[in-house]
Amino acid sequence: MSARAEVGRHAIQKARWHFGEIAFWILTLACAFAFPSRYLIMADIVRLALFALSLDLILGYAGVVSLGHAAFFGVGAYGAGLMALHGVVTEPVLALVAAGLLAAVLGFLTSFLVIRGADLTRLMVTLGIALLLEALAERFSDITGGTDGLQGIEMQPILGLFAFDMFGKVGLFYSLAVLFMLFLLARRVVHSPFGLSLRAIKNNPLRAAAIGVPVNRRLIAIYTLSAFCAGIAGALFTQTTALASLDVFSFERSADLMLVLVIGGAGYLYGGLIGAVVFRMLQEVFSTITPQYWQFWIGLVLVVIVLVGRQRMHRWVLWAPNLIIKQMGGRKAVVAVPESDA
């Protein structure tokens, strides 16, 4: 068997759905029906999960560190808001795709700067891009609304059928559908030969280049795709909240994203999704108990994760589900975080 055929066979094997993955999405959909009073917070979690998924594509699989991923989120948010406000594209799904493409264009143009440096340089470049866009948005306040944000955004019904409601029900299921579609895309990418080449680049870019992998082109491609997904997340934020302000470009938004991946794990698509749920739940619980010091408790949780190890914590959490699954017929157990991400 040739090396190319072997790589393809390995990619197909890794791309098969496991029982735990199917159970995860069934549980997610069940939660959407089981907690009708929590539509708004669940929609916020779904948007954060999609945003984390976009960063995981470059951080977890290509090793590109970013502290300015909010730049693409903000472009998508303002793109969707301005199109709805001025009637350029009134259909939400089309506007969503258009906003994502705007962010992808920005990602493609800035990728040439990002791939030139090492980790520290990339951190500074990505952070600088986000700060620059935030300053530009504040400077051209006649377009962006400045510190007040865009006012009077009215979203049309989705596909002309489903109107956004004040309780957030339509927004939640709309966000879930978008998250699932982009998750399928991301899953197909990371389990393809292209995704395997990204892992090779992350582990050793010099060796990957030596065996013929076009390193720069691969990094540009995944960075552009990541920007597209982040732009979609930003557009979802504007469409489901009818709001777009300078906060979408803030450093805190990018920093929260890093915390989500620290909690859930990078290089593991479900890590961003699980991390988003845990982060928002911790934020809600701690802000209820101690509104002024909730950040301290989240910081303490992060310290515990580092000291104990994420892999060990996942084994503890998944012990009972794995035991049940094995008793049901020896099915493959729930997948935990890879050892390299512990």
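This structure is a prediction, so every number in the text was calculated from the model and none was measured.

A. Representation of the overall build of the protein. Across its full length, the protein carries 15 helices and zero strands. Taking all 342 residues of the protein together, 48% fall into the buried category. Excluding contacts between residues fewer than 6 apart, the proportion of contacts in the protein whose partners are at least 24 apart in sequence is 77%. Surface accessibility of the protein: about 17300 Å² in total, with carbon and sulfur atoms responsible for 67%.

B. Structural detail: the pattern of salt bridges. Across all of its chains, the model carries five salt bridges by this definition. In this structure, the salt-bridge partner of Arg-280 is Asp-44, at a minimum N-O distance of 2.6 Å. With Arg-280 in helix H13 (residues 269-289) and Asp-44 in helix H3 (residues 39-59), this residue pair connects regions lying 236 residues apart in the sequence. Accessibility assignment for this pair places Arg-280 and Asp-44 in one class, buried. Asp-247 is paired through a salt bridge with Arg-253; the nearest N and O atoms lie 2.5 Å apart. Judged by its relative accessible area of 42%, Asp-247 falls in the partly exposed class. The structure contains a network of salt bridges with shared partners spanning Asp-44, Arg-47 and Arg-280.

C. Seen up close, the environment of Leu-48. Considering the arrangement of structural elements, one finds Leu-48 in helix H3. Residues Leu-48 and Leu-273 lie 225 residues apart in sequence; the distance between their C-alpha atoms is 8.1 Å. Those residues within four positions of Leu-48 in sequence are excluded, and the remaining contacts are Leu-257, Val-260, Ala-276, Phe-279 and Arg-280.

D. Inspection of the nonpolar core at higher detail. Ranked by size, the top nonpolar core spans 98 residues in total, and within it Leu-50, Leu-57, Leu-172, Val-178, Ile-222 and Leu-269 carry the most contacts. Look past the residues within four positions of Ile-222 in its chain and what remains in contact with it is Leu-57, Ile-58, Ala-62, Val-189, Phe-194 and Leu-198.

E. Just the packing of aromatic side chains, in detail. This model, assessed by the stated rule, comprises 13 aromatic pairs. Ring centres 5.0 Å apart and planes at 75 degrees place the aromatic pair Phe-24 and Tyr-270 in the edge-to-face group. Remark: Tyr-270 occurs in helix H13 and Phe-24 occurs in helix H2 (residues 19-34); sequence separation between them is 246 residues. For Phe-24, a relative accessible area of 22% translates into the label partly exposed. Centre to centre, the rings of Phe-108 and Phe-112 are 5.2 Å apart; their planes meet at 85 degrees, and the pair counts as edge-to-face.

F. Inspection of unusual backbone geometry at higher detail. Backbone geometry at Leu-159 places phi at a positive 55 degrees, although glycine is not the residue there. Tracing the backbone shows Leu-159 in the loop between helix H7 (141-144) and helix H8 (169-190). You can call Leu-159 exposed: its relative accessible area is 55%.

G. Geometry of the environment of Gln-239. With respect to the secondary-structure elements, Gln-239 resides in helix H11 (residues 215-241). Along the chain, Gln-239 and Ser-175 lie 64 residues apart, while their C-alpha atoms are 9.8 Å from each other. Apart from residues no more than four positions distant in its own chain, Gln-239 is found in contact with Ala-80, Pro-92, Ala-95, Leu-96, Met-155, Phe-164 and Tyr-174. Polar contacts involving the side chain of Gln-239 include one to the side chain of Tyr-174, which spans 2.7 Å.

H. Focus on helix H6 (residues 119-139). With 21 residues, H6 should reach 30 Å at 1.5 Å per residue; the first-to-last C-alpha distance of 30 Å fits that figure. Among the residues of H6, those classed as buried are Arg-122, Leu-123, Thr-126, Leu-127, Ile-129, Ala-130, Leu-133 and Ala-137. For H6, the arc enclosing every buried residue in end-on projection is 150 degrees, short of the 170-degree limit, so these residues lie on one face. With respect to the buried face of H6, the exposed residues turned more than 90 degrees away are Leu-120, Leu-132 and Arg-139. In the core, the buried residues of H6 are packed alongside helix H4 (70-85), helix H5 (92-114), H7, H11 and helix H12 (251-264).

Conventions and cut-offs
Residues numbered from 1 in each chain as written. Predicted model: local features only at pLDDT ≥ 70, side-chain atom pairs only at ≥ 80, totals over all residues. Heavy atoms only, no water. Helix = DSSP H or I, 4+ residues; strand = E, 2+ residues; numbered from the N terminus. Buried < 20%, exposed > 50% of the residue type's maximum accessible area, 1.4 Å probe, protein only. Contact = heavy atoms within 4.5 Å. Areas by Shrake-Rupley, 256 points an atom, 1.4 Å probe, with all protein chains shown as cover. Salt bridge = Lys/Arg side-chain N within 4 Å of Asp/Glu carboxyl O. Core = buried A, V, L, I, M, F, W, Y, C linked by side-chain atoms within 4.5 Å. Phe/Tyr/Trp six-rings, centres within 6.5 Å; stacked < 30°, edge-to-face > 60°. Polar contact = N/O pair within 3.5 Å; in protein donor to acceptor, adjacent residues only side chain to side chain. Expected span 1.5 Å × (residues − 1). Arc of directions from axis to C-beta.

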